[in-house]
Amino acid sequence: MKAKFLIPLLLFVVLVAFLAIGLNRDPHEVPSPLINKPAPAFDIPQLEQANKTFSPESMKGQVWILNVWASWCVACREEHPVLVEFANSGQAPLIGLDYKDQRADALSMLSKQGNPYRLSGFDANGRVGIDYGVYGVPETYVIDKAGIIRFKQIGPVTREILNQTIYPLLTELKKS
Amino acid sequence: MRMLFSIFLCLLCLQNVFANDAAPLADDPVVEQRLISISEEMRCLVCQNESLAGSRSDLANDLRREIRTLIKEGKSDDQIRSFMVERYGDFVLYRPPVKPITWLLWIGPFVILLMGVGVLFSYLRRRNEAPAAKALSAQDNQKMDALLAMVDKHDKGGDHG
């Protein structure tokens, strides 16, 4: 009989638990449907050498990272030093995708803050970004040897994400 | 003060001079109509509470341009919807498709409603089950007689009642 009075309390606790989980989730982090799907193909001019193009096809057989960035993006500036560190670690080639940017602005940002990218594709109108489901820069994709997207980071890559997720994933993917 | 006010008025008028012309509407109203009907059913991922049709974000602009191209290429509404879902997931749709992962979303409210109705009925049934008529013991009868007798006496004795 006494236990009956606890039912509303229990229901309330369950409700609070749901709300607490809901509040702590970032609604902007939408799970990407591209995980475990082939990285969409593209062939676009490079940022530094406009007469050359870059296509993900050329990275087949390697585990690599595609980082979507832009000189106008504030969070990218925050992320930049982490990427430079990552590039210095030599764990995997880092390719940039300069998203809806001005060439001169992008180049000046790289010369001021260092260039972590082996090269950057220049996605002037954001068409490649649409194929990759980009909706907020920066976004980062880990792509395996077969060209399958294995991980996507929405928002800046931090040292914690590098250490806890990306490095272990790279080691695992390089084995296969 | 009046001076300041008139300067302000002039500035306001000037604003109109500098304002841009309205962006030209797409040449094909049929395409535009379909664009609107498709994109009203889609969420803008940058401003999640806006539809793709209503959002002024850059991405929404690009996506509308993309949808317009697809329409002109002769793609069906379903093809365009799957183009968007392949890239941004079911989240982009305001009406998520019915499939195992969204079952809870679709039928959850009805399950909870049924549970509520169940609880209500069991409560009502319990309340209507009249407590079994209880036979009064001899002691109870005596007590009641005594009380009634008291009431009687009181009524007769007093002039109010």
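Residues numbered from 1 in each chain as written. Chains lettered and ligands numbered in written order. Predicted model: local features only at pLDDT ≥ 70, side-chain atom pairs only at ≥ 80, totals over all residues.

## Section: the overall build of chain B
Argument step 1. If you tally the helices and strands in chain B, you get 6 helices and 0 strands.
Argument step 2. Listing every helix and strand of chain B by position from the N terminus yields α-α-α-α-α-α.
Argument step 3. The buried share among the 161 residues of chain B stands at 12%.
Argument step 4. A fraction of 39% describes how many contacts in chain B between residues 6 or more apart in sequence connect residues 24 or more apart. (Helix = DSSP H or I, 4+ residues; strand = E, 2+ residues; numbered from the N terminus. Buried ≥ 20, exposed ≤ 12 C-beta atoms within 10 Å, placed from the backbone. Contact = placed C-beta atoms within 7 Å.)

## As for the pairing of strand β5 (residues 119-123) of chain A
All names here are of chain A.
Argument step 1. Where burial is concerned, most of β5 is hidden: 4 out of the 5 residues are buried.
Argument step 2. Relative to β5, strand β4 (residues 94-99) runs parallel, the two being bridged by 5 bridges. Bridge pairing in β5 links Ile95 to Leu119.
Argument step 3. Tracing the backbone out of β4, into helix α3 (residues 103-113) and back to the parallel element β5 gives a crossover that is right-handed. (Pairing = 2+ DSSP bridges. Right-handed = clockwise from strand over helix to strand, strands pointing away.)

## Structural notes on the packing of helix α2 (residues 29-39) of chain B against helix α3 (residues 58-72) of chain B
Helix packing geometry: the angle between the two helix axes and the distance between the axes.
Residues and elements named next belong to chain B.
Argument step 1. At a minimum axis separation of 10 Å, α2 and α3 run at an interaxial angle of 125°. Relative to α3, α2 is oriented oblique. Crossing angle aside, the handedness with which α2 passes α3 is right-handed. Residues Val31, Arg34, Leu35, Ile38 and Ser39 of α2 pack against Arg64, Ile67, Arg68, Ile71 and Lys72 of α3.
Argument step 2. Residue classes in the contact of α2 with α3 are distributed as 5 nonpolar, 1 polar and 4 charged. (Axes fitted to C-alpha atoms, helices over the stretch in contact; angles between N-to-C directions. Parallel < 35°, antiparallel > 145°, perpendicular 65-115°, else oblique. Left-handed = near helix turned anticlockwise from the far one by under 90°. Nonpolar A, V, L, I, M, F, W, Y, C, P; charged D, E, K, R; others polar.)

## Re helix α2 (residues 74-89) of chain A
Residue and element names in this part refer to chain A.
Argument step 1. A rise of 1.5 Å per residue sets the reference length of α2, with its 16 residues, at 22 Å; its end C-alpha atoms lie 24 Å apart and thus fit the reference within 8%.
Argument step 2. The axis of α2 is deflected most strongly, by about 40°, at His80, and proline Pro81 appears within four residues downstream.
Argument step 3. Within the span of α2, buried status applies to Cys76, Glu79, His80, Leu83 and Phe86.
Argument step 4. Packed against the buried residues of α2 are β3 (64-69), β4, α3 and α5 (159-175).
Argument step 5. Looking one or two residues beyond α2, the residue adopting positive phi is Gly90, at roughly 65°. (Expected span 1.5 Å × (residues − 1). Bend = angle between axes of the 7 residues up to and from the residue.)

## Things to note about the sheet that holds β4 of chain A
Residue and element names in this part refer to chain A.
Argument step 1. Taken in spatial order, the 5 strands line up as β5-β4-β3-β6-β7 in an open sheet, and their pairing is mixed. Strand pairing shows two members of the sheet lacking a second neighbour, β5 and β7 (149-154), which therefore form its edges. Neighbouring strand axes in the sheet, compared pairwise and without regard to direction, differ in orientation by 20° on average.
Argument step 2. Across 5 bridges, β3 lies against strand β6 (residues 139-143) in antiparallel orientation. Bridge assignment links Trp64 to a residue of β6, and that residue is Ile143.
Argument step 3. Relative to the sheet, α5 contacts β6 and β7, its axis offset from that of β7 by approximately 165°.

## What about the interface of chain B and chain A?
Argument step 1. Every contact between the two is made by 13 residues of chain B and, on the other side, 11 residues of chain A.
Argument step 2. When grouped by side-chain class, the residues that make up the side of chain B that touches chain A number 7 nonpolar, 2 polar and 4 charged.

## Considerations on the domain arrangement of chain B
Argument step 1. By the assigned domains, chain B splits into domain 1 (24-97) and domain 2 (98-129).
Argument step 2. The C-alpha centroid of domain 2 of chain B is placed 36 Å from the C-alpha centroid of domain 1 of chain B. (Domains from an automatic or database assignment.)

## Description of the nonpolar core
All names here are of chain A.
Argument step 1. In terms of nonpolar packing, the biggest core is built from 47 residues, with Ile65 and Tyr141 touching the most fellow members.
Argument step 2. If we ignore the near neighbours within four places in the chain, the residues touching Tyr141 are Ala39, Ile65, Leu66, Tyr132, Ile149 and Lys152.
Argument step 3. Ranked by size, the runner-up nonpolar core spans 5 residues in total, among them Ala106, Met109, Leu110 and Phe122. (Core = buried A, V, L, I, M, F, W, Y, C linked by C-beta atoms within 7 Å.)

## Concerning the environment of Lys4 of chain A
Argument step 1. Secondary-structure assignment places Lys4 of chain A in the segment before α1 (6-24).
Argument step 2. Its 7 C-beta neighbours within 10 Å are what place Lys4 of chain A among the exposed residues.

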